[in-house]
Amino acid sequence: VPLQGTRLGLHLLLEHQSREDPWMGLRLHAYAARAWEAYVRETPGARCLPRILPIVVSQSDRPWRPPVQFSDYYEPLPSPPLAELPVYFMDFRYVL
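For the structure given in this document, a descriptive report is provided here. Keep in mind that what you see is a predicted model, and the values were worked out from it rather than measured.

### Some points on helix H1 (residues 24-42)
Here H1 spans 27 Å end to end across 19 residues, near enough to the 27 Å set by a 1.5 Å rise per residue. Among the residues of H1, Met 24, Gly 25, Leu 28, Ala 32 and Ala 38 are the ones counted as buried. Looking down the long axis of H1, one finds its buried residues gathered within 150° of arc, a one-sided arrangement.

In structure tokens:
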């Protein structure tokens, strides 16, 4: 899709890890929230937020085991009637 003449707000959130962090998703969420708060504070009249692409660069000798999908941190929900609730919970995925 050509983007000529289109302005796209995209921020890269890069995190370097020499070893795995079991709570990496939570840390990325906190970093993104702080970045958005700063953007709103520093951009008078802002009407939308820039997109943030979280990327974790791992140089660990071991395979990465922590979740890359934020929703994997939540405890499982029992089946009906709560099975439809996940669409309302915060979720994102980061690039590893």
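### Considering the packing of aromatic side chains
In total, this model carries five aromatic pairs according to the counting rule given. Taking 5.8 Å as the distance between ring centres and 90° as the angle between the ring planes, the aromatic pair formed by Phe 70 and Tyr 74 counts as edge-to-face. Aromatic side chains Tyr 74 and Phe 89 sit 5.7 Å apart centroid to centroid with 50° between the ring planes, which places their arrangement in the tilted category. Here Tyr 74, found in the segment after strand E2 (51-58), pairs with Phe 89, found in the segment after E2; they are 15 residues apart in sequence, far enough to count as distant. The class of Phe 89 is partly exposed, set by a relative accessible area of 37%. Counting every residue linked through ring pairs, the aromatic cluster contains Trp 23, Phe 70, Tyr 73, Tyr 74, Phe 89 and Phe 92.

### Focus on the nonpolar core
Judged by nonpolar contacts, Leu 13, Met 24, Leu 28, Ala 32, Ile 52, Val 56, Trp 64, Val 68 and Tyr 94 together constitute the single largest core of nine residues. What Met 24 contacts, discounting residues up to four positions off in sequence, is Glu 15, Gln 17, Val 56, Trp 64, Tyr 73 and Tyr 94.

What counts and how
Residues numbered from 1 in each chain as written. Predicted model: local features only at pLDDT ≥ 70, side-chain atom pairs only at ≥ 80, totals over all residues. Heavy atoms only, no water. Helix = DSSP H or I, 4+ residues; strand = E, 2+ residues; numbered from the N terminus. Expected span 1.5 Å × (residues − 1). Buried < 20%, exposed > 50% of the residue type's maximum accessible area, 1.4 Å probe, protein only. Arc of directions from axis to C-beta. Phe/Tyr/Trp six-rings, centres within 6.5 Å; stacked < 30°, edge-to-face > 60°. Core = buried A, V, L, I, M, F, W, Y, C linked by side-chain atoms within 4.5 Å. Contact = heavy atoms within 4.5 Å.

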